[in-house]
Structures are given as C-alpha cells and as structure tokens.
Amino acid sequence: MSKLTTGAAYSASAGAIAHSILTWFSPEEWSAVGVLAGISIALLTCLINWYYRRKLTLADIRSKHCRCRESGR
C-alpha cells in the first residue's frame with residue numbers, strides 16, 4: 001500500500017509541475033519558443049554535420065597522401 005500511495009504522490013507532483021510549466025507561456029509564446037527551438041536544432045545539426053564531413057574529408061586526404069608516399073609518387 002505504501003508503494004501505491006508514494007507513486008500516486010509522485011505522479012500528482014509531476015503532473016502539477018508539468019501543468020505549471022505548460023501554463024507559464026501563452027500559446028503564441030509557445031509558438032515562438034517552438035520556432036526558435038527548431039531553428040537552433042537545425043543550426044546545431046548543420047554544425048555537427050559540417051564537423052564530421054570535414055573530419056572525414058581530412059582523413060581521406062591524409063590516407064591518399066600516405067599512399068602517394070608509399071608508391072613513390
């Protein structure tokens with residue numbers, strides 16, 4: 001019984017916290033938050049993609065450079 005009441009208390013507390021967070025902003029403000037979050041995530045994705053593409057390209061250049069030295073070119 002104790003586990004049941006503890007779970008109910010934690011669930012009610014989490015629900016109250018979620019409700020207060022969701023009602024903090026108006027729907028128009030949440031829309032702006034969503035747009036800004038989307039732009040931020042898109043920029044972050046672009047930067048991560050650029051970093052790993054650059055890393056792959058530099059590794060490819062290094063591997064070709066090493067093969068040229070080994071073949072005597």
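Residues numbered from 1 in each chain as written. Predicted model: local features only at pLDDT ≥ 70, side-chain atom pairs only at ≥ 80, totals over all residues. Heavy atoms only, no water.

**Q** What is the right way to look at the overall build of the chain in this model?
**A** Within the chain, the regular secondary structure consists of 2 helices and 0 strands. Relative to a compact globule of 73 residues, whose C-alpha radius of gyration would be 11 Å, the chain shows 26 Å and is clearly more extended. Its C-alpha atoms give the chain principal-axis dimensions of about 80 × 40 × 10 Å. Per-residue burial for the chain yields a buried fraction of 0% across its 73 residues. Of the accessible surface of the chain, which amounts to about 6800 Å², a share of 69% is contributed by carbon and sulfur atoms. The averaged location of the 4 negative side-chain charges in the chain is 18 Å from the averaged location of its 9 positive side-chain charges. (Helix = DSSP H or I, 4+ residues; strand = E, 2+ residues; numbered from the N terminus. Rg over C-alpha atoms; globule rule 2.2 N^0.38 Å. Buried < 20%, exposed > 50% of the residue type's maximum accessible area, 1.4 Å probe, protein only. Areas by Shrake-Rupley, 256 points an atom, 1.4 Å probe, with all protein chains shown as cover. Lys, Arg positive; Asp, Glu negative; His and termini not counted. Charge placed at Lys NZ, Arg CZ, Asp CG, Glu CD.)

**Q** Any chance you could explain the pattern of salt bridges here in plain terms?
**A** Between side chains of opposite charge, pairing is possible as soon as their charged atoms come close. Taken as a whole and assessed by the stated rule, the structure comprises 1 salt bridge. Here Lys64 ties to Asp60 by a salt bridge, and the two come within 3.5 Å at their closest N and O atoms. In this pair, Lys64 and Asp60 both sit in helix α2 (residues 27-71), 4 residues apart, roughly one turn of the helix. Look at Asp60 and you get partly exposed, because its relative accessible area is 37%. (Salt bridge = Lys/Arg side-chain N within 4 Å of Asp/Glu carboxyl O.)

**Q** Where do I start with the packing of aromatic side chains in this structure?
**A** The geometry of an aromatic ring pair comes down to the distance between the two centres and the angle between the two planes. One pass over the full model with this rule turns up 2 aromatic pairs. Summarising the aromatic geometry, the rings of Tyr51 and Tyr52 are spaced 5.0 Å apart at their centres and angled 80° between planes, so their arrangement reads as edge-to-face. (Phe/Tyr/Trp six-rings, centres within 6.5 Å; stacked < 30°, edge-to-face > 60°.)

**Q** Whenever I open this one, the environment of Ala32 confuses me. Can you help?
**A** If you trace the backbone, Ala32 turns up in helix α2. The class of Ala32 is partly exposed, set by a relative accessible area of 40%. Distance from Ala32 to Ser20, taken between C-alpha atoms, is 18 Å for residues 12 residues apart in sequence.

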